[in-house]
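# Observations on the three-dimensional arrangement
As a plain string of letters, each chain reads:
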Amino acid sequence: MTVEINKDYNYVPWVIGLSIAINAIVVALLFIPELDGGTSFDITLLPLLNAILNSFTFVFLLAALFMILRKNITWHKRFIFAAFTTTTFFLVSYLTYHSMSTSTSYGGEGIIAAIYYFILITHIVLAAAIVPLALLTLFRGLAMKVDKHRKIARWTMPLWLYVSLTGVIVYLMISPYY
């Protein structure tokens, strides 16, 4: 499996466009009214699916990191593609759930509530930031711009790991209140 793009290809407009579009859709969900799904599908299963997909993304990213540390570029790419795949499925599920459901309030109190909101806020902010970072890192890798890829991957990998892990933690903390 060799997936590469031309070194001279200008992928930056794609990174910018996708980043703006994805983040704008997520933000728009805060302002649009809940849609009536008109289906018998139980959408309350989607938050669990989101946590499972985030878990897979976390594992795939760890495997990709392990592989690149072993200089196994082929398997590194495969695990990165797997992480992008589970993240894409997560995004579809997340958008579906939040377009058809109202927000769930956290019911914890005291220090646990402060911890929850700290994790949630950092998760949200970094999730928005990881979109352009992950895309730019991916395109630089596919264009074999190795030096630039390494420079940004040093930031992207730990942040993406944090976002995927905290997505699971947020789910575990709020799931009793669904």
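Relative placement of two packed helices is described by the angle separating their axes and the distance separating the axes. At a closest axis distance of 9 Å, the pairing of helix α1 (residues 12-28) and helix α4 (residues 111-142) adopts a crossing angle of 155°. The angle between α1 and α4 places the two elements in the roughly antiparallel class. For α1 against α4, the interelement crossing comes out right-handed. Here Trp14, Val15, Leu18, Ser19, Ile22 and Asn23 of α1 lie close against α4, whose contacting residues are Ala128, Val131, Pro132, Leu135, Leu136 and Phe139. Tallied by class, the residues present in the contact of α1 with α4 amount to ten nonpolar, two polar and no charged.

Looking now at the packing of aromatic side chains. According to the stated counting rule, one finds twelve aromatic pairs in the structure shown. Ring geometry for Phe84 against Trp160: centres 5.0 Å apart, planes inclined by 70°, an arrangement best described as edge-to-face. Of the two residues, Phe84 sits in helix α3 (residues 73-100) while Trp160 sits in helix α5 (residues 146-174), which places them 76 residues apart along the sequence. With respect to class, Phe84 is no different from Trp160; both count as buried. Pairing Tyr106 with Tyr116 gives two aromatic rings, centres 4.0 Å apart and planes at 10°, and the pair type is stacked. Of the two residues, Tyr106 sits in the loop between α3 and α4 while Tyr116 sits in helix α4, which places them ten residues apart along the sequence. Side by side, Tyr106 and Tyr116 carry an identical accessibility label, which is buried. Through a chain of ring-to-ring contacts, three or more aromatic side chains come together here, namely Phe56, Phe60, Trp75 and Phe79. In this structure, Arg78 packs its charged tip against the face of Trp75, placed 4.7 Å from the ring centre.

Right, let's talk about α4 for a bit. Helical geometry: 3.6 residues make up each α-helical turn, so side chains three or four residues apart lie on a common side. End to end, α4 covers 44 Å across 32 residues, agreeing with the expected 46 Å (1.5 Å per residue, within 8%). The sharpest bend along α4 comes to roughly 35°, located at Ile130, with the proline Pro132 sitting one to four residues further on. Positive phi shows up at Met144, right after α4, with a value of about 55°.

Turning next to the packing of α4 against α5. Their axes nearest at 7 Å, the elements α4 and α5 cross at an angle of 145°. Our pair here, α4 against α5, has a crossing hand that is left-handed. Per-class residue counts for the contact of α4 with α5 are 22 nonpolar, eight polar and two charged.

Attention now goes to the confidence of the model for the chain. Per-residue confidence for the chain gives a mean pLDDT of 92, with 96% of residues at or over 70. Considering each helix and strand of the chain separately, the mean pLDDT is smallest for α1, with a value of 92, and largest for helix α2 (residues 46-69), with 98.

This part covers the nonpolar core. Within soluble globular proteins, side chains that are nonpolar tend to cluster in buried spots. Among the nonpolar cores identified, the biggest contains 25 residues, and Leu61, Ile80, Phe84 and Trp160 are the most heavily contacted of them. Taken together, the elements giving at least two residues each to this core come down to α2, α3, α4 and α5. Looking at this core, the element that brings in the most residues is α4, giving eight residues. Leave out the neighbours within four places in its chain, and Leu61 touches Ile80, Ala83, Met157, Trp160, Leu161 and Ser164. Tyr116, Leu120, Val170 and Ile174 belong to the second-largest nonpolar core, a separate cluster that totals eight residues.

So, how was this worked out
- Every chain is numbered on its own, with residues counted from 1 as its sequence reads.
- This being a predicted model, a pLDDT of at least 70 is required before a residue's local features are given, and a value of 80 or more before pairs of side-chain atoms are given or counted; all residues contribute to the totals for chains, interfaces and linings.
- With hydrogens and water set aside, each side-chain value is computed from the structure's full complement of heavy atoms.
- Working convention: axes come from line fits to C-alpha atoms, limited for helices to the stretch in contact. Angles between N-to-C directions cover 0 to 180 degrees.
- Each helix is a run of DSSP H or I of at least 4 residues and each strand a run of E of at least 2, with the numbering of both proceeding from the N terminus.
- Put simply, angles under 35 degrees are roughly parallel, angles over 145 are roughly antiparallel, angles from 65 to 115 are roughly perpendicular, and the rest are oblique.
- Handedness of a crossing is defined here by the sense of rotation of the near helix relative to the far one, left-handed for an anticlockwise turn of less than a right angle and right-handed for a clockwise turn.
- Here a residue-residue contact requires only that any non-hydrogen atoms of the pair lie within 4.5 Å.
- Here the term charged refers only to Asp, Glu, Lys and Arg, the term nonpolar to Ala, Val, Leu, Ile, Met, Phe, Trp, Tyr, Cys and Pro, and the term polar to all other amino acids, Gly among them.
- Think of it this way: a Phe, Tyr or Trp ring, Trp meaning its six-membered ring, pairs with another when their centres are within 6.5 Å, and the plane angle makes it stacked under 30 degrees, edge-to-face over 60, tilted otherwise.
- When a residue's accessible area, from a 1.4 Å probe over protein chains only, is under 20% of the maximum for its type it is buried; when over 50% it is exposed; and in between it is partly exposed.
- As a reminder, the over-ring test applies to NZ of lysine and CZ of arginine, requiring each to be within 6 Å of the ring centre and within 35 degrees of the ring normal.
- To estimate the expected span of a helix, subtract one from its residue number and multiply by 1.5 Å.
- The reported bend at a residue is simply the angle between two axes, fitted to the 7 residues ending at it and to the 7 residues beginning with it.
- What pLDDT expresses is the predictor's confidence in each residue, scored from 0 to 100.
- Buried Ala, Val, Leu, Ile, Met, Phe, Trp, Tyr and Cys residues form a nonpolar core when they are joined through side-chain atoms within 4.5 Å.

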